[in-house]
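# Observations on chain architecture
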Amino acid sequence: MDPLTASAEIDLDAFAANVDTLRAHVHPAAMMIVVKAEGYGHGLLPIAAAARERGIEWLGAATPAEALALREGGDTGRVLTWLYGPDTDLTPLVAADIDVSAQSEEQIARLVAAAGTVERVARVHLKVDTGLSRNGATVDDWPRVCAAAVEAEETGAVEVVGVWSHFAASDEPGHPSVAAQLQVFRAACEVAEEIGVRPRVRHLANSAAALLLPEAHFDLVRVGIAAYGVEPAPGLATLAGIQLQPVMRLRAQLANVKQIAAGTGVSYGHTWVADRATTVGLVPLGYADGVPRHASDLASVGLDGRRVPVRGRICMDQFVVELGPESTAKVGDEVVLFGSGSGGEPTAQDWAAVCDTIGYEIVTRIGARVPRVYVARVDVEGVG
Ligand SMILES: Cc1ncc(COP(=O)(O)O)c(C=O)c1O
């Protein structure tokens, strides 16, 4: 798509400011920036470069492919990856000096084999399930996993760099699982220590815990959504006493403007019928670009400092907004689907609210067809 027609502007200065603010907030813990899912939709390599430029030592990638893409893009710093299948070849990860999560004796054995193949030490973070019930060794299996890791370390095949886990509900202050998971994590760290595990970093906190739970910071926090200027849940940054700046601004030019008579149906299914003569505008972005169809007839967009409502169904490539009977808007005028809100436009959180979802989903789903346009006052190497 032509970037003048529609684009997601990525404000790397806002990203850098969020990184600085969050890092000061979690000090003395270190901070990993989570760049999975194309940097939460903001672009993997530019975001990684901007994070490194701010002095971030750790990047987090869910999948091995994402971690290897960082290396292919020239990133040489610490990268952790944690989600892979039984047939994933771990050898390229060890060869590329990428830290890999392991939760079982079987996974440790695969890392030992990979280390042998490439004659390199495999860097491992042992994951314990403290209550999310996704990945991670159960508390019952944990001592065996730690023992296997220590044994592998003694052969020189692996280095246990980290012990880690992940929260289920840190974005709901006071949720009983938070205290319970903290307790299980502390106990698991003690068990690991007794067995001989000496991790350089223990890490548990995501954005919400980084914001609100200093007791969960340990040595390293893993921050994703907050670095992109979206709160994990509405109000959490304010509660932590910090201000975040939304990094993504999704905008487009009106591709068409027309007057319609009262009684005219708009878009597929005619779910909206004009009750007056009015003017409508066509926005050239749709659900194939990640604009949620659930926002049909519910969301609004910013136009010249005011908000105009989405009318009718959001289609694959486009949707219609009502500009109003007196509108002087014309083809080419800019509408802002979401941004910082400072120009009167909605935020990603506003779209999330009308779709009954979370801001994470709004920004990460903006599709590959939408050009990312990087805006930065400071020159970030590798970003143009
Ligand atoms: C294991 C892990 N750590 C950290 C994060 C970052 O979470 P958030 O975006 O809430 O900071 C994620 C993302 O969901 C994750 O999967």
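Residues numbered from 1 in each chain as written. Predicted model: local features only at pLDDT ≥ 70, side-chain atom pairs only at ≥ 80, totals over all residues. Heavy atoms only, no water.

### Observations regarding unusual backbone geometry
Cis geometry is adopted by the peptide bond preceding Pro28, which originates at His27 and carries an omega value of 10°. The backbone of His270 shows a phi angle near 50°, a positive value even though the residue is not glycine. Here His270 is to be found in the loop between β12 (265–266) and β13 (272–273). A positive phi is found at Asp297, a non-glycine position, where the angle reads about 65°. For Asp297, the location among the structural elements is in the loop between β14 (278–283) and β15 (300–303). Residue class for Asp297 comes out partly exposed when judged on its relative accessible area of 32%. (Helix = DSSP H or I, 4+ residues; strand = E, 2+ residues; numbered from the N terminus. Buried < 20%, exposed > 50% of the residue type's maximum accessible area, 1.4 Å probe, protein only.)

### A closer look at the UniProt feature "binding site: substrate" (unreviewed entry) in the chain
Under the present numbering, the feature "binding site: substrate" (unreviewed entry) in UniProt falls on Arg134 and Met316. An extended arrangement is adopted by the annotated residues: their sequence extent is 183 residues, and the largest C-alpha distance between any two is 33.2 Å. Cross-referencing the annotated residues with the largest pocket identifies Arg134 as lining it. Note on placement: Arg134 falls in the loop between β6 (122–127) and α7 (142–154). In this structure, Arg134 is in contact with Asp129 and His166, ignoring residues within four places of it in sequence. With respect to the secondary-structure elements, Met316 resides in the loop between β16 (306–311) and β17 (319–322). With relative accessibility at 42%, the residue Met316 sits in the partly exposed group. (UniProt positions renumbered as here; feature names shortened; annotations may be inferred. 1 Å grid on protein atoms, 1.4 Å probe; cavity = no way out; pocket = protein on both sides within 12 Å on 5 of 7 lines; lining within 4 Å. Contact = heavy atoms within 4.5 Å.)

### Thoughts on the packing of helix α6 (residues 105–118) against α7
Interhelical geometry of α6 versus α7 gives an angle of 15° and a closest axis separation of 9 Å. By the angle between their axes, α6 is roughly parallel relative to α7. Note on packing geometry: the crossing formed by α6 with α7 is right-handed. Contact residues: α6 offers Glu105, Ile108 and Val112, while α7 offers Arg144, Val145, Ala148, Ala149 and Ala152. Residue composition of the contact of α6 with α7, by class: six nonpolar, no polar and two charged. (Axes fitted to C-alpha atoms, helices over the stretch in contact; angles between N-to-C directions. Parallel < 35°, antiparallel > 145°, perpendicular 65-115°, else oblique. Left-handed = near helix turned anticlockwise from the far one by under 90°. Nonpolar A, V, L, I, M, F, W, Y, C, P; charged D, E, K, R; others polar.)

### What about the site of the ligand?
In the neighbourhood of the ligand, 14 residues make up the surrounding shell, with Lys36, Tyr40, Ser207, Arg222 and Tyr360 lying closest. One of the side-chain N or O atoms of Lys36 is found 2.7 Å from an oxygen atom in the ligand. Protein burial of the ligand: of its 390 Å² of free accessible surface, 93% is covered by the chains. Judged by the fraction of its atoms near the pocket grid, the ligand is located in the largest pocket. Looking at the shell around the ligand, the elements with two or more residues in it are α2 (36–40) and β9 (220–223). (Near = heavy atom within 4 Å. Polar contact = N/O pair within 3.5 Å; in protein donor to acceptor, adjacent residues only side chain to side chain. Areas by Shrake-Rupley, 256 points an atom, 1.4 Å probe, with all protein chains shown as cover. Sits in = over half its atoms within 2 Å of the grid points.)

### Considering the layout of surface pockets
Rolled over the atoms, a probe as big as a water molecule pinpoints where empty space is left. Approximately 620 Å³ is the volume found for the largest pocket. Lining the largest pocket are 27 residues, and of these Lys36, Tyr40, Arg134, His166 and Asn206 lie nearest its centre. Of all the elements in the fold, those that place two or more residues in the lining of the largest pocket are α2, α9 (207–212) and α12 (359–364). With three residues, α2 is the single largest residue contributor to the lining of the largest pocket. (Points joined across faces, edges and corners; volume = space filled by probe spheres on them.)

### Some points on the packing of aromatic side chains
For any pair of aromatic rings, the description rests on two quantities: the centre-to-centre distance and the angle between the ring planes. Counted under the stated rule, the structure contains five aromatic pairs. One cation-aromatic arrangement involves Lys127 over Trp164; the distance from NZ or CZ to the ring centre is 4.2 Å. (Phe/Tyr/Trp six-rings, centres within 6.5 Å; stacked < 30°, edge-to-face > 60°. Lys NZ or Arg CZ within 6 Å of the ring centre and 35° of its normal.)

### A few points about the pattern of salt bridges
For the structure on display, the rule yields 25 salt bridges. A salt bridge links Arg78 to Asp97, with the nearest nitrogen and oxygen atoms 3.1 Å apart. Of the two residues, Arg78 is situated in strand β4 (residues 78–81) and Asp97 in the loop between α5 (91–95) and β5 (99–102); the sequence distance between them amounts to 19 residues. With relative accessibility at 24%, the residue Asp97 sits in the partly exposed group. Via salt bridges that share partners, Arg78, Asp97, Asp99, Arg123 and Glu159 belong to a single interconnected network. (Salt bridge = Lys/Arg side-chain N within 4 Å of Asp/Glu carboxyl O.)

### Observations regarding the pairing of β9
Regular strands place their side chains on alternate faces of the sheet. Burial of β9 is two-sided: the residues Leu220 and Arg222 facing one way and the residues Val221 and Val223 facing the other way are all buried. Pairing between strand β2 (residues 30–34) and β9: four bridges, direction parallel. Across the sheet, the residue bridging to Met32 is Arg222, located in β9. (Pairing = 2+ DSSP bridges.)

### What to know about the packing of helix α3 (residues 44–53) against helix α4 (residues 64–72)
α4 packs onto α3 with a crossing angle of 65° between their chain directions and a minimal axis gap of 10 Å. In terms of orientation, α3 lies roughly perpendicular with respect to α4. Crossing of α3 against α4: the hand is right-handed. For the pair α3 and α4, the contacting residues are Leu44, Leu45 and Ala48 in the first and Glu66, Ala69 and Leu70 in the second. For the contact of α3 with α4, the residue count by class is five nonpolar, no polar and one charged.

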